[in-house]
Amino acid sequence: MTCASCVGRVERALKAVSGVASASVNLATERATVTFSGQPNVAAVIQAVNAVGYTVAQELIELSISGMTCASCVGRVERALAAVPGVSHVSVNLATERAQLRVMADVRVADLLATVAKAGYEAQVIAEDGNNTAEQAAHQAAETLKLKRALLIAALFALPVFVLEMGSHLVPGLHEIIAGTIGMKASWYLQFVLTSIVLFGPGLRFFQKGIPALLRGAPDMNSLVATGVSAAYTYSLVATFAPQWLPVGTINVYYEAAAVIVALILLGRYLEAIAKGNTSEAIKRLISLQAKIARVLRDGNIVEVAIAEVSRGDLIEVRPGERIPVDGEVIEGESFVDESMISGEPIPVEKKKGTEVVGGTINQNGTLTFRATKVGSDTMLAQIIRMVEQAQGAKLPIQALVDRITMWFVPAVMAGAVLTFLVWFIFGPSPALSFALVNAVAVLIIACPCAMGLATPTSIMVGTGRAAQMGVLFRKGEALQSLKDATVVAVDKTGTLTKGHPELTDLVLANGFEHRYVLRLVATVEAKSEHPIARAIVDAAQKENIPLSQMTHFEAKTGFGVNATIDGLRVEVGADRYMLQLGVDVAQLAEDAARLGDEGKTPLYAAIDGQLAAMIAVADPIKDTTIAAIKALHAQGLKVAMITGDNRRTAQAIARQLGIDEVVAEVLPDGKVMSIERLKTTYGPVAYVGDGINDAPALAAAHVGIAIGTGTDIAIEAADVVLMSGDLLGVSTAIALSKATLANIKQNLFWAFSYNVALIPVAAGLLYPINGTLLSPVFAAGAMALSSVFVLSNALRLRRFTLSAKMGK
């Protein structure tokens, strides 16, 4: 805000928000005080301020949440945090066990942590020092080990219970043997002891979390397990120690159901923990790329220091085969560096004085000394890790449906279990009480919504992780869903389709002249000029190791060209009109001039001592991979449009050469947004690819903005997706990954929902009147565990994603 009219505009916008009783805006403090008549709606207030052209200062806070086990836990934590005044956005991810929040500047972190604790979970703030993921990995490893121990104990004590009670189904006559030796009563006593060890040892976690959640009126998966297991265990206790309380014919024990259910659900949890660890493999791999030490020049000596002690400006030495510790600029030495970890490109990149190096890449064959320019959380590798983490923690629009369903799912299941019990107890065959108990427990156990909660986030984690390995960074997780809907890919020309700097592309010699001789003389003349075309000619001579000569009497003729005397020879370089003025005939090169014109290049001519020597063309050359990239986009059924400020003839020539479908030429920077809007109207969703500062508005205006990673920081900040390699082929990779990930999510959701829809009625006994089929609670527990493992295994298939497989090559 800059003046009183700004204040009035913001105040009017705030007062127009439904539920706002009053609003007062202060220009000096740049603050708004808003009073609500009911429940505060911070998100609506922020949206209103944004709509009138201003922004509200917000912070991004990440919390690590422990104790969540299913989709209903996610919904509970989200609702609790969203109710904290000043919180405008909350996204909780079950797979990463993280919460991302956008909050007003005055929101206290302590209040957020207390809110999570009140909801029945534990939270910690995730700092930005880059150590969080390593700590989380260690925490996950410890949790997996605890689950493994709990599973082994539960299995050890549950197996005898299962054999004692259900063994006769596997070994004929086993019941008679037990009855004739220790007796059935003693068998029940033994089962009681073993089951109690399982329930109040490894199984205690379900009661510690499930019962408080149930008492708060917010049941979760643990509540379902605790209720089901308690019902089976309590009924068995009564049958064992007070059988007179039960109707005749209903005196049975279900210890094996209680013990084996706990063991099977722990098995499912253990397999989930292993799979979750695999889903974050990409992050772990990125973290492993960070060097641990650096050789720093201190007081004239090279000393080894921990990476955390490296400061900006330090001089660092890197030997062959070592990882480059931080980002920097080479000041001494030459080598080739493997940068495949950031670009996905296997070909090493040459490094010499003045070039930049990136932390985490591998120095190959020479010793380099470089000056540290970015350290700690500012390095490119740290930023990549942060971007991947944020994308993995994102919640896609498709998840909204899951959230709405799971909010009511667990209470609905508990109601269904009660209804199942009542129906069987009232209308079921004898012994009705036993049938009612078993079927109600089966409903409770089979309906745990673990698979629903894991269906979307695990696919996102694996998909974005695989993308990072292929040089594609999804800065915003939502782009993972919206990119698949793109119908047209609009690309900026300079730096995206082309290399972004002019090069000498053609040197056509007149009869009797030699290449090196002409290039030496022309480059010597152009060395006096700072024009980009002149610079390109000089660079070409340097690449061919052609030494420049001494010259005298240099003269520039504005609008025509330049001339100089070199080794006693008069050398003139300029456009065709300059040659016409000099009386030099260029007809012998007319055919080549026409060809260059069709390619969108403007030819220059060189004359030596009044005789035509050569025709020169300088252009911004097409990247080697551009044609293949456009073919790949066409193979995916996409239109390709080029938006450029070049003249129409040049743009059309490049479009013909590349096979581009539509050209929008002679566009000023502020006209790119209008061009995007026109393409949206004509074709539908637009993905825009650019690399410059002037591309930032267009990147933001497109449905999905894709920035070339070799471009400017401003373009990258405005984009949804970043291509680290600077290669347009990354667009095809990103789109194919988007489609593959969304297909994977839909498969997971279909399995998770159809599993519950199909098996809850079976567990309730719907098939019993038809063919006598009932689902044992033990099998229900096994099926529930397998559903989660299936979803996780299906998501892990994305780790094998390749573009060639998706393109059918």
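None of these values were measured; they are calculated from a predicted model.

Cut-offs and rules
- Residues numbered from 1 in each chain as written.
- Predicted model: local features only at pLDDT ≥ 70, side-chain atom pairs only at ≥ 80, totals over all residues.
- Heavy atoms only, no water.
- Axes fitted to C-alpha atoms, helices over the stretch in contact; angles between N-to-C directions.
- Helix = DSSP H or I, 4+ residues; strand = E, 2+ residues; numbered from the N terminus.
- Parallel < 35°, antiparallel > 145°, perpendicular 65-115°, else oblique.
- Contact = heavy atoms within 4.5 Å.
- Nonpolar A, V, L, I, M, F, W, Y, C, P; charged D, E, K, R; others polar.
- Salt bridge = Lys/Arg side-chain N within 4 Å of Asp/Glu carboxyl O.
- Expected span 1.5 Å × (residues − 1).
- Buried < 20%, exposed > 50% of the residue type's maximum accessible area, 1.4 Å probe, protein only.
- Polar contact = N/O pair within 3.5 Å; in protein donor to acceptor, adjacent residues only side chain to side chain.
- Phe/Tyr/Trp six-rings, centres within 6.5 Å; stacked < 30°, edge-to-face > 60°.

Draft legend 1. Structural context of the packing of helix α28 (residues 729-764) against helix α30 (residues 777-796). Look at α28 against α30: their axes get within 9 Å of each other, and the N-to-C directions meet at 170°. In terms of axis orientation, α28 runs roughly antiparallel to α30. Contacts between α28 and α30 pair N744, Q747, N748, W751, Y755 and L759 from the former with A780, A783, M784, S787, F790, V791, N794 and A795 from the latter. Of the residues contributing to the contact of α28 with α30, the split by class is nine nonpolar, five polar and no charged.

Draft legend 2. Broad picture of the pattern of salt bridges. Inspection of the entire model under this criterion finds 17 salt bridges. Measuring nitrogen to oxygen at the nearest pair gives 2.8 Å for the salt bridge that ties E572 to R570. In this structure, the salt-bridge partner of R595 is D592, at a minimum N-O distance of 3.6 Å. A residue pair is termed a helical-turn pair when its members lie 3 or 4 positions apart in one helix, as R595 and D592 do in helix α22 (residues 590-598) at three residues. Each of R295, E304 and E322 takes part in salt bridges that share partners, so that together they form one network.

Draft legend 3. Molecular detail of helix α19 (residues 515-526). The end-to-end C-alpha distance of α19, which contains twelve residues, comes to 16 Å, matching closely the 16 Å that a straight helix rising 1.5 Å per residue would cover. Turning to α19, its buried residues number three or more, namely V518, L519, L521, V522, A523, T524, V525 and E526. Between a side-chain oxygen at the N-terminus of α19 and the backbone nitrogen of R516 the separation is 3.2 Å; the capping residue is E514.

Draft legend 4. Region of interest: the packing of helix α8 (residues 204-215) against helix α9 (residues 221-241). Two elements in contact, α8 and α9, have axes whose closest approach is 7 Å; the angle formed by their N-to-C orientations is 105°. In this view, α8 runs roughly perpendicular relative to α9, as classed from their interaxial angle. On α9, the residues touching F206, F207, K209, G210, I211, A213 and L214 of α8 are N222, S223, V225, A226, T227, V229 and S230. When its residues are assigned to classes, the contact of α8 with α9 shows eight nonpolar, five polar and one charged.

Draft legend 5. Structural view of the side chain of E572. On the secondary structure map, E572 appears in strand β21 (residues 569-574). We classify E572 as buried; its relative accessible area is 5%. A polar contact of 2.8 Å, which involves the side chain of E572, links it to the side chain of R570. Among residues more than four places away in sequence, those in contact with E572 are V562, N563, Y578, M579, L582, Y605, A606, A607 and G610.

Draft legend 6. Examining the packing of aromatic side chains more closely. Taken as a whole and judged by the stated rule, the model has 13 aromatic pairs. Between F200 and F207, the aromatic rings sit 6.1 Å apart at their centres with planes inclined by 25°, giving stacked as the arrangement. Residue classification places F200 among the partly exposed residues on the basis of a relative accessible area of 47%. Linked through ring pairs, Y189, F192, F200, F207, Y233, F241 and Y255 together constitute an aromatic cluster.

By themselves, these figures tell us nothing about what the structure is for.
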